[in-house]
Amino acid sequence: KLEKNRVSIYTLHVPLDKNGKYSTAVNLAKALEISPEEEFFEYFGVKVGIIGTTKLKTVKELTNKLSSVVNHKVKLWKYGNNEIKNGKVALTSGGGNEVTVLQEIAKSKINTYVTGITALNDYSRNAHETAKKNKINLIGGTHYSTEKFACIALCKYFENIGLSCKFIEDKPILEDM
């Protein structure tokens, strides 16, 4: 239909991931009431992860909070202590199931990581092993569900500059977890 109507589409995802007011990680943190303190994890030349503080005390509380904000079940891979160490949480939206991300989190002495994709498969097996070795709990909420808050924030941006915009809810791929 787009081709027939001579409409071109060009998309760039990394600018949406780059930490900032409308980014995926910042808006997920906002939805979870996590106060960002520092950035981490460089991806295509930009920082896309947030380390922040939460008032929640346990991994279970944070798992329940994520489930509540994404409006579906989420997955907790409990590899560490139930208590959120020093109230610090690391998060990246979307597909943050990378060994390098978990190594960086381990260096920061954080035991709780929220991301989208946490499915245990051939691709992520080493990431899970790194999480286990460093006693880092993984909480997965699907790629889509952890990134949608940036799109919702962008709708508000467009409305504020006089453009109509509507966020259309999609269905998450639960196998991401």
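First, a word on scope: everything that follows refers to the structure included in this document.

Parameters at a glance
Think of each chain on its own: its residues are numbered from 1, step by step along the sequence as written. The model is predicted, so local features are restricted to residues of pLDDT at least 70 and side-chain atom pairs to those at 80 or more, both for listing and for counting; the totals for chains, interfaces and linings are taken over all residues. Side-chain calculation: all heavy atoms of the structure are included, whereas hydrogens and water are not. Strands pair, by our definition, only if DSSP identifies at least two bridges between them. Only DSSP runs of H or I covering at least 4 residues are called helices, and only runs of E covering at least 2 are called strands; the numbering of each starts at the N terminus. Helix axes are fitted to C-alpha atoms over the stretch in contact, other axes to C-alpha atoms as well, and angles between N-to-C directions run from 0 to 180 degrees. Both site types are read off a 1 Å grid over the protein atoms alone. A 1.4 Å probe that fits but cannot get out defines a cavity, while an open set with protein on both sides within 12 Å along at least five of seven lines defines a pocket; lining residues have an atom within 4 Å of a point. Grid points are joined across faces, edges and corners, and a volume is the space filled by probe spheres set on the points. Residues are sorted three ways: Asp, Glu, Lys and Arg are charged, Ala, Val, Leu, Ile, Met, Phe, Trp, Tyr, Cys and Pro are nonpolar, and all the rest, Gly among them, are polar. Paired rings are identified among Phe, Tyr and Trp, the last through its six-membered ring, by centres lying within 6.5 Å, and are further divided according to the angle between planes into stacked (under 30 degrees), edge-to-face (over 60) and tilted (the rest). Charge over a ring is defined by NZ of Lys or CZ of Arg lying within 6 Å of the ring centre and within 35 degrees of the ring normal. Relative accessibility decides the category of a residue: with a 1.4 Å probe and only protein chains considered, values under 20% of the type maximum give buried, values over 50% give exposed, and everything between is partly exposed.

### Structural notes on the sheet that holds strand 3 (residues 75–77)
Strand pairing in a sheet relies on backbone hydrogen bonds. The paired strands run either parallel or antiparallel. Strand order across the open sheet formed by 6 strands is 1-2-4-5-6-3, with mixed pairing between neighbours. Looking at strand neighbours, the two that pair on one side only are strand 1 (35–43) and strand 3, the edges of this open sheet. Mean inter-strand twist for the sheet, computed between neighbouring axes without regard to direction, equals 25°. In the sheet, strand 3 pairs with strand 6 (residues 137–140) via 3 bridges, with the strands oriented antiparallel. By the bridge assignment for strand 6, Trp-77 is matched with Leu-138.

### Considerations on empty space enclosed by the protein
By rolling a water-sized probe across the atoms, one finds the places where empty space is left. Inspection of the entire model under this criterion finds 1 cavity of 30 Å³ or more. Each pocket or cavity is described by its volume, and for the largest cavity that value is around 50 Å³. Lining the largest cavity, in full, are Gly-96, Asn-97, Leu-102, Tyr-113, Thr-115, Ile-117, Thr-118, Ala-127, His-128 and Leu-138. Where the lining of the largest cavity is concerned, the elements lending two or more residues are strand 5 (112–115) and helix 5 (125–133). Class assignment of the residues belonging to the lining of the largest cavity gives a composition of 5 nonpolar, 5 polar and no charged.

### Details of the environment of Tyr-157
Structurally, Tyr-157 can be placed in helix 6 (residues 143–160). Through-space distance from the C-alpha of Tyr-157 to that of Val-48 is 20 Å; in sequence the pair is 109 residues apart.

### Some points on the layout of surface pockets
The computed volume of the largest pocket comes to approximately 240 Å³. In this structure, the largest pocket is lined by 15 residues; those nearest its centre are Asp-17, Tyr-43, Ser-93, Gly-95 and Glu-147. Among the elements of the structure, helix 1 (14–17), strand 1 and helix 6 are those that each provide at least two residues to the lining of the largest pocket. A class-by-class count of the residues in the lining of the largest pocket yields 4 nonpolar, 8 polar and 3 charged.

### Side note on the packing of aromatic side chains
Under the definition given, this model contains 5 aromatic pairs. Clustering of aromatic rings is evident, with ring pairs tying together Tyr-22, Tyr-157 and Phe-158. Directly above the ring of Trp-77 sits Lys-75, whose terminal nitrogen or CZ lies 4.4 Å from the centroid.

### Description of unusual backbone geometry
Notably, Arg-6 is not glycine yet its phi reads approximately 60°, a positive angle. Along the chain, the position of Arg-6 falls in the segment before helix 1. Residue Lys-135 is not a glycine yet carries a positive backbone phi of 55°. For Lys-135, a relative accessible area of 55% puts it in the exposed group.

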